[in-house]
Amino acid sequence: MNVIAYYDGAIKTTKHGSMFVSGSTKIVQLDNRLSFDSLKQAIGNRISLPNGKVVKDIHFRLPV
């Protein structure tokens, strides 16, 4: 499956709810059988994280 990864931003909370604000996106192709650690590694590889940097948090949103 293909997902859009938004990264290098911040979560903003307002009286209307929370949203992630970022101008950086990449399409990441994922296998639905990945472990959580493999998922973080796949996203980190796709967004070309520098050595020593890792994906720490993943927040998932499914538009309705």
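Figured I'd write up the structure that's included with this text. Position numbers for residues count from 1 along each chain, tracking the sequence in the order it is written. The predicted nature of this model means local features are confined to residues of pLDDT at least 70 and side-chain atom pairs, given and counted, to a pLDDT of 80 or more, with totals for whole chains, interfaces and linings taken over all residues. Each side-chain value is worked out from all heavy atoms of the structure, with water and hydrogens disregarded.

1. Quick look at the pattern of salt bridges
Once the charged atoms of two side chains with opposite charge are near each other, the side chains can pair. Condition: Salt bridge, as used here: a side-chain nitrogen of Lys or Arg that lies within 4 Å of a carboxyl oxygen of Asp or Glu. In this scheme, a residue with accessible area under 20% of its type's maximum is buried, one over 50% is exposed, and one in between is partly exposed, where area comes from a 1.4 Å probe on protein chains only. Strands are runs of DSSP state E lasting at least two residues, helices are runs of H or I lasting at least four, and both sets are numbered from the N terminus onward.
One pass over the full model with this rule turns up two salt bridges. Across the pair Arg33 and Asp31 runs a salt bridge, and its minimum N-O distance is 3.4 Å. Residue classification places Arg33 among the exposed residues on the basis of a relative accessible area of 69%. The residue Lys40 makes a salt bridge to Asp37 at a minimum N-O spacing of 3.8 Å. Placement of both Lys40 and Asp37 in helix 1 (residues 36-46) is noted, with a separation of three residues, approximately one turn of the helix. For Asp37, a relative accessible area of 55% gives the class exposed.

2. Details of the pairing of strand 2 (residues 10-14)
As a reminder, the rule being used: Any two strands are treated as partners once DSSP identifies two or more bridges connecting them.
Pairing analysis gives five bridges linking strand 2 to strand 3 (residues 17-21), with the strands arranged antiparallel. Counted as the bridge partner of Ala10 is Val21 from strand 3. In sequence, strand 2 turns back onto strand 3 through a hairpin of two residues.

3. Focus on unusual backbone geometry
The phi dihedral of Asp8 falls on the positive side, at around 60°, and the residue is not glycine. Along the polypeptide, Asp8 turns up in the loop between strand 1 (2-7) and strand 2. On the accessibility criterion, Asp8 (67% relative accessible area) is exposed. Phi is positive for Ser48, which is not a glycine, with a value near 55°. Looking at the secondary structure, you find Ser48 in the segment after helix 1. On the basis of relative accessibility, which here comes to 56%, the residue Ser48 falls in the exposed class.

Any functional reading would require information that these geometric values do not contain.
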